[in-house]
Amino acid sequence: MKAELPPTRSYRGLSQDERRAERRARLIAAAIAVYGERGYHQATVKAVCEAAGLTERYFYESFANSEALLIDSFNAVTYSVLGEITQAAREAGRARTARSRAMLHAYFAALQREPQSARVFLVEIRGVSRAVDQAFDTALRAIGKEVARIVAPPGAADDELLQAGVVGGVIHIALRWIEDGYQPDIESAVDTALKLGTVLASRK
């Protein structure tokens with residue numbers, strides 16, 4: 001006979017699982033803010049917990065260590081931005097160049113609007129450990145495939161090396177743009193990045 005699990009207790013209308021998920025989300029949001037302000041290597045678990053308004057006990061409820069939180073913070077930023085750029089593409093119509101421009105504009109606008117998230121996405125994720133590097137590579141592959149699916153011609157969306165080159169090139173343009181104080185203006189940055197994007201959009 002299969003044993004029945006005890007009912008999940010609730011507090012203020014939230015179950016234990018929901019409260020755990022809420023705490024985890026608070027820690028991720030706090031980590032993005034703290035990493036963006038201080039840098040990952042200068043941020044402690046205690047600092048993140050204080051920013052989240054939680055004790056360290058709750059940190060270890062959701063994360064094995066700081067690297068796990070960094071990876072989840074990076075993924076939260078990455079896939080949020082990916083959602084924005086794919087939405088921009090949908091709203092841009094069917095022309096590949098128009099879609100590419102819309103996606104790039106949404107990307108650069110997100111980096112400028114949320115500089116702390118941009119730092120996590122572009123700077124703090126690099127060179128921490130093999131596991132973190134793998135998370136970065138997995139995300140870039142996912143972004144490359146999604147971008148190619150939207151802008152590449154039929155039958156030309158499976159060139160993963162080209163995808164890696166285009167996505168990596170755009171990221172380096174974004175890094176230089178941020179380092180130069182978001183100069184030149186966003187339209188100029190988009191125009192520069194579009195030269196790479198059209199390589200993928202025109203791939204035969």
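Below is a summary of the structure that appears in this document. (Residues numbered from 1 in each chain as written. Predicted model: local features only at pLDDT ≥ 70, side-chain atom pairs only at ≥ 80, totals over all residues. Heavy atoms only, no water.)

1. Some remarks on the pattern of salt bridges
Reasoning step 1: Scanning all chains against the criterion turns up 13 salt bridges.
Reasoning step 2: With its nearest N and O atoms 4.0 Å apart, the salt bridge here joins Arg101 to Glu187. Here Arg101 is found in helix α5 (residues 96-113), whereas its partner Glu187 is found in helix α9 (residues 186-201), with 86 residues between them in sequence.
Reasoning step 3: With a relative accessible area of 32%, Arg101 lands in the partly exposed category.
Reasoning step 4: Note that Glu160 is salt-bridged to Arg141, the shortest N-O span being 3.2 Å. You can see Glu160 sitting in helix α8 (residues 160-179) and its partner Arg141 sitting in helix α7 (residues 130-151), a full 19 residues away along the chain. (Salt bridge = Lys/Arg side-chain N within 4 Å of Asp/Glu carboxyl O. Helix = DSSP H or I, 4+ residues; strand = E, 2+ residues; numbered from the N terminus. Buried < 20%, exposed > 50% of the residue type's maximum accessible area, 1.4 Å probe, protein only.)

2. Observations regarding the side chain of Arg23
Reasoning step 1: Its location among the elements puts Arg23 in helix α1 (residues 16-38).
Reasoning step 2: Overall, the relative accessible area of 12% leaves Arg23 in the buried class.
Reasoning step 3: Those residues in contact with Arg23 that lie beyond four places of it in its chain are Leu54, Tyr58 and Glu61. (Contact = heavy atoms within 4.5 Å.)

3. Re the packing of aromatic side chains
Reasoning step 1: Counted by the stated rule, this structure contains 9 aromatic pairs.
Reasoning step 2: Seen from their ring centres, Phe74 and Phe136 are 5.8 Å apart, and the 45° between their planes marks the pair as tilted. One end of the pair, Phe74, is in helix α4 (residues 66-91); the other, Phe136, is in helix α7, and 62 residues separate them in sequence.
Reasoning step 3: Ring geometry for Tyr107 and Phe121: centres 6.2 Å apart, planes at 70°, overall edge-to-face. Of the two residues, Tyr107 sits in helix α5 while Phe121 sits in helix α6 (residues 115-124), which places them 14 residues apart along the sequence. Neither Tyr107 nor Phe121 differs from the other in exposure class; each is buried.
Reasoning step 4: A cation over a ring is seen here: Arg57 above Tyr58, with NZ or CZ 4.2 Å from the ring centre. (Phe/Tyr/Trp six-rings, centres within 6.5 Å; stacked < 30°, edge-to-face > 60°. Lys NZ or Arg CZ within 6 Å of the ring centre and 35° of its normal.)

4. Overview of the nonpolar core
Reasoning step 1: Ranked by internal contacts, the top residues of the largest apolar core, which has 61 residues, are Tyr35, Tyr107 and Phe108.
Reasoning step 2: Counting residues per element, the ones that place at least two in this core are α1, α2 (45-52), α4, α5, α6, α7, α8 and α9.
Reasoning step 3: Here the element with the most residues in this core is α4; it accounts for 10 residues. (Core = buried A, V, L, I, M, F, W, Y, C linked by side-chain atoms within 4.5 Å.)

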